[in-house]
Every structure is written in C-alpha cells, then in structure tokens.
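An overview of the molecular structure
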Amino acid sequence: MQRRTLAASLLLTLATWSLPVAAQQQIVIKFSHVVARNTPKGEAAERFAQLAAAKTGGRVKVEVYPNSQLYKDKEEMEALQLGAVQMLAPSLAKFGPLGVKEFEVFDLPYIFDGYDALHRVTNGPIGKDLLKRLEPKGIIGLAYWDNGFKDFSANKPLKTPADFKGLKMRIQSSKVLDSEMRALGANPQVMAFSEVYQALQTGVVDGTENPPSNFYTQKMHEVQKYMTQTGHGYLGYAVIVNKKFWDGLPADIRAQLEDAMAQATRYADAVAQKENADALEAVKKSGKTQVLALSPAEKAELKKVLLKVHKEQESRVGAELIKAIYKETGFNPANP
C-alpha cells in the first residue's frame, strides 16, 4: 500500500485525535494482524478486545481485523506509525527492518530450549529492555505473545542438512533467518505471509518454516508433502501501540488496558501451546502432509550446523545480548 493511501487513512483519524480523548464517548482501537482468527494470535487479540471492553466499562472498543484485512505484513508497521491503526502484534522479525535489529536475536536457531527458557527472557529484564528500544520509533511495546516453535516443511523429507541443499525456502525479512537458511544450503526467499500458500502451490518456493498452527490454518498442509518436527526456532509477537495515541489516553484507561493486556498475554501463551498441539494432530489426520520426527542423532547434526548462525550474527544482534540470553537460560552453545 502506497504512503499516500496510508496518509489518507490517517486523515480519517485526525478528527478523533484532535479532541481530548477523555471527552469522547468511546475510544476505538483498531487492532490489525495478518493471521487467521483461529490461531494463537487471533484468539488472543479477540480475548484482549473482550477484556478491554469489560475493564473499561465499554469506554474502549477494540476492533480486530485478522488475516491481512487491512494491511499485509509489509505494510502494517508503517500504518501504525502513521496512526492509520493503533495496535499490532507483528512477529519479532519485523523490528529488524525497522532499525531495531536486536529483536532478531529471537530468530537465532535453537537458542531457546522450550517455553520455560524463552519466558525467562520475554518476561524478564532483557525482554523489557528490548521493548523500550521501540519508543524512539514512535512505538510502545506492551507485551510478548507466543505463537510457537517452528518446523520445516517441503515436498521432500527434511531430516539432514544435505536435504535442504538448493531448496527455495520462504522466510520473513530477517538477516538471521537468511543466515539460517544459507547455513543449511537453502536459498532464502523473503515473502509476505499472505502470499506463501500460493507460492508453495505454484512452486515459486519449495518450502517454509512455521509453527503447526500457522501451517494448518493457512492450509499449507494442502501444498506441502512433508513437515519435520524440528522445533528449531521461535516465532513470537510483540503487541505494540502507536506511542502518540497511547500517551494521549487518560491514565486510568491506560492502566485498565495494561491489566487487560496482562490477562490476554497469559491466555495467549496458554492457547499457543494448545493450538499448536491441536493443529499438529489435524495435519496428521488430514493425510495430506506426512509429519516426520528427528532421531536424536539427526537433531544433533541439525543443531551443529545451525548453531554456527549464533556466531555469524553477533555483529548484527549484539554479542553481549546473546551472552545475556545464554546466562539467563543456562544455554551452553558448546554442549547444546
């Protein structure tokens, strides 16, 4: 979407913003996202909308627009900064192109050994510090929401690094993910999430990486013959809001929305694990995609190749940040 279109959308909100927020009858928050409603992010966004209405006594109405109804993932960040929407929950990889490349630390393969290790980072001082780095961009970070751990898929079995050689693999725009795919001998292809199904269907790309919930709800199992349970990388979101809009809210409304967000976040993290487990079973039952498991030796080989990416990306995401996460989680790259 061109800037002039976003600017036109912004003009529609100026009349609302020109009045004191407290004087308005109802505050409307447009919450845009790019995945289906029946995904962890989609469910959490709806729960936040319900909680926001309840906790503010109806003074706040959150309008949720799923599945790229308003903006594709390449457009939504600009829309937020211009004020055309007030709230997003982009994947953490989206902040690198914005200029806050430290967020790409979450893309490092195998840096988190499960949800407990992950939450020690997202719910702790490291996570809070990263969110504060968004403020100079006109963005307030409110919370991290889980989606899940990613698996690889393609039309051939992917069990060893050699299996990836020459494949065109879709990734988000992330230098870390680019490095990850190149470490495996694959050719990374940056592509909007909404375009992936058709690209897989037509052979524009050969495969991709997704948590099971995204893989199933976007019907990728219809156009991918194999999915390997690698759990190699984390896919999560940061719930963000336009800073000018947020700072203009009455203090009591902000406090109520923060409370609603805290509850929605607990829900988001719980539903992510359930939705991914359910989606994995649905993929298996579909009979269209064969779900493969790695042997301990196969996983160790994959880890060995992918852990090189940590060192390669120190200059981008910050060697000290990587070390801080190692310390927080107890991760030892020499003995993963």
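To start, this report covers the structure provided alongside it. (Residues numbered from 1 in each chain as written. Predicted model: local features only at pLDDT ≥ 70, side-chain atom pairs only at ≥ 80, totals over all residues. Heavy atoms only, no water.)

With that settled, consider the overall build of the protein chain. On a plain count of helices and strands, the protein chain comes out with 15 helices and nine strands. Rg of the C-alpha trace for the protein chain: 20 Å, near the compact-globule value of 20 Å for 336 residues, within the 12% margin. Projected onto its principal axes, the C-alpha positions of the protein chain cover 65 × 40 × 35 Å. Scored against the burial criterion, the 336 residues of the protein chain give a buried share of 56%. Long-range pairs, those at least 24 residues apart, make up 77% of the contacts in the protein chain between residues at least 6 apart in sequence. (Helix = DSSP H or I, 4+ residues; strand = E, 2+ residues; numbered from the N terminus. Rg over C-alpha atoms; globule rule 2.2 N^0.38 Å. Buried < 20%, exposed > 50% of the residue type's maximum accessible area, 1.4 Å probe, protein only. Contact = heavy atoms within 4.5 Å.)

The topology assignment puts Glu-298 in helix α12 (residues 296-306). A distance of 2.9 Å separates a polar side-chain atom of Glu-298 from the backbone nitrogen of Ser-295. (Polar contact = N/O pair within 3.5 Å; in protein donor to acceptor, adjacent residues only side chain to side chain.)

One finds Phe-95, Phe-103, Val-105, Phe-106, Phe-112 and Ile-240 to be the most contacted residues of the largest nonpolar core, which totals 55 residues. In this structure, Ile-240 is in contact with Met-77, Leu-80, Gln-86, Met-87, Leu-88, Pro-90, Phe-95, Leu-134, Ile-139, Ile-140 and Gly-141, ignoring residues within four places of it in sequence. Core analysis: the next-biggest nonpolar cluster, separate from the first, contains 45 residues, Phe-48, Val-205, Tyr-237 and Ile-253 among them. (Core = buried A, V, L, I, M, F, W, Y, C linked by side-chain atoms within 4.5 Å.)

Now for empty space enclosed by the protein. Per the stated rule, a full pass over the model turns up one cavity of 30 Å³ or more. Forming the walls of the largest cavity are 21 residues, and the residues nearest its centre are Ser-91, Arg-170, Gln-172, Phe-193 and Leu-235. Within the lining of the largest cavity, the residues separate by chemical class into 10 nonpolar, four polar and seven charged. (1 Å grid on protein atoms, 1.4 Å probe; cavity = no way out; pocket = protein on both sides within 12 Å on 5 of 7 lines; lining within 4 Å. Points joined across faces, edges and corners; volume = space filled by probe spheres on them. Nonpolar A, V, L, I, M, F, W, Y, C, P; charged D, E, K, R; others polar.)

Here we take up the pattern of salt bridges. Overall, the coordinates contain 17 salt bridges when judged by the stated rule. Across the salt bridge formed by Arg-37 and Glu-43, the nearest N and O atoms sit 3.9 Å from each other. Exposure remark for Arg-37: the relative accessible area of 41% places this residue in the partly exposed category. Connected via shared salt-bridge partners are Arg-37, Glu-43 and Glu-46. (Salt bridge = Lys/Arg side-chain N within 4 Å of Asp/Glu carboxyl O.)

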